[in-house]
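What the coordinates show
Below, each chain spelled out in residue letters.
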Amino acid sequence: MLLAGLYVVLVICWPDFQSGIFFSTACSMLMLSLVLGGGGYGNQRVESLLTKVGDTLIISHGIGKVTIPIARIESIAIGKNYLGLIEQSNGNGYDITCTGSRDQIHHHIKNLLAEHFENCTVHSI
């Protein structure tokens, strides 16, 4: 709406204004704001990023998915809009940026891991 108003003002004040340049600039600004504004992966709820199938935890990120056997999760870090998971033996870590409070993320990961949650080291950050 703001861009439409700006366009009208420019056309009135500058009669030989090139509308093609304005349109391409407006589209570029819109795309840039969507990419930098976090309208993508970091803006998803933890419930949509972490799911469980059998004894496997599935982390959806970008266009890919990572599967981890639940028994291999050793350490968990929980913060506002953040979840970190560390695998046993190899030290691979997964940082998940999502929307949610510490309590929401804690509750979701505890439900997914069930009794294995008690075997993990949990850090609140």
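Data block above holds the structure.
Let me sum up the structure you'll find in this document. Please read these numbers as outputs of a predicted model, since none were measured by experiment. (Residues numbered from 1 in each chain as written. Predicted model: local features only at pLDDT ≥ 70, side-chain atom pairs only at ≥ 80, totals over all residues. Heavy atoms only, no water.)

As for the nonpolar core
- The biggest cluster of nonpolar side chains holds 22 residues, and the ones touching the most others in it are L50, I76, L83, L85 and I109.
- Here this core gets four residues from one element, more than from any other, and that element is helix α4 (residues 102–113).
- The contact partners of L83, leaving out residues within four places of it in the chain, are L50, I76, A77, I78, Y94, D95, I96, I105 and I109. (Core = buried A, V, L, I, M, F, W, Y, C linked by side-chain atoms within 4.5 Å. Buried < 20%, exposed > 50% of the residue type's maximum accessible area, 1.4 Å probe, protein only. Helix = DSSP H or I, 4+ residues; strand = E, 2+ residues; numbered from the N terminus. Contact = heavy atoms within 4.5 Å.)

Let's talk about the sheet that holds strand β3 (residues 64–69)
- Strand order in the open sheet made by the three strands is β1-β2-β3, with antiparallel pairing throughout. The sheet is open, and its two edges are formed by β1 (50–53) and β3, each paired on a single side. Neighbour-to-neighbour, the strand axes of the sheet open up by a mean angle of 30°, direction not taken into account.
- Sheet analysis places strand β2 (residues 56–61) next to β3, joined by six bridges and oriented antiparallel. Residue pairing for β3: H61 is matched across the bridge by G64.
- Seen against the sheet, α4 touches β1 and β2 and runs at an angle of roughly 15° to β1. (Pairing = 2+ DSSP bridges. Axes fitted to C-alpha atoms, helices over the stretch in contact; angles between N-to-C directions.)

Here we look at the pattern of salt bridges
- For the structure on display, the rule yields two salt bridges.
- The partner of R45 in a salt bridge is E47, and the shortest N-O contact between them spans 3.4 Å.
- On the accessibility criterion, E47 (33% relative accessible area) is partly exposed.
- E87 is the salt-bridge partner of R72, the closest N and O atoms lying 3.1 Å from each other. Linking R72 in the loop between β3 and β4 (73–79) with E87 in strand β5 (residues 82–87), this pair joins segments that are 15 residues apart in sequence.
- Exposure remark for E87: the relative accessible area of 8% places this residue in the buried category. (Salt bridge = Lys/Arg side-chain N within 4 Å of Asp/Glu carboxyl O.)

Points about the sheet that holds β5
- On the basis of which strands lie adjacent, the open sheet formed by four strands has the order β6-β5-β4-β7 and mixed pairing. Looking along the sheet, the strands with just one partner apiece sit at the ends: β6 (93–97) and β7 (121–124). If you compare each strand with its neighbour and ignore which way they point, the axes differ by 15° on average.
- Strand direction decides the pairing type here: β5 and β6, joined by five bridges, are antiparallel. Its bridge partner lying in β6, I86 is registered against G93.
- Running at roughly 160° to β4, α4 makes contact with β4, β5 and β7 of the sheet.

Some points on the pairing of β2
- In the sheet, β1 pairs with β2 via four bridges, with the strands oriented antiparallel. Each bridged residue has a counterpart across the sheet, and for V53 the counterpart in β2 is T56.
- Where β1 folds back on β2, the antiparallel hairpin that results is connected by two residues, among which G54 adopts a positive phi of roughly 65°.

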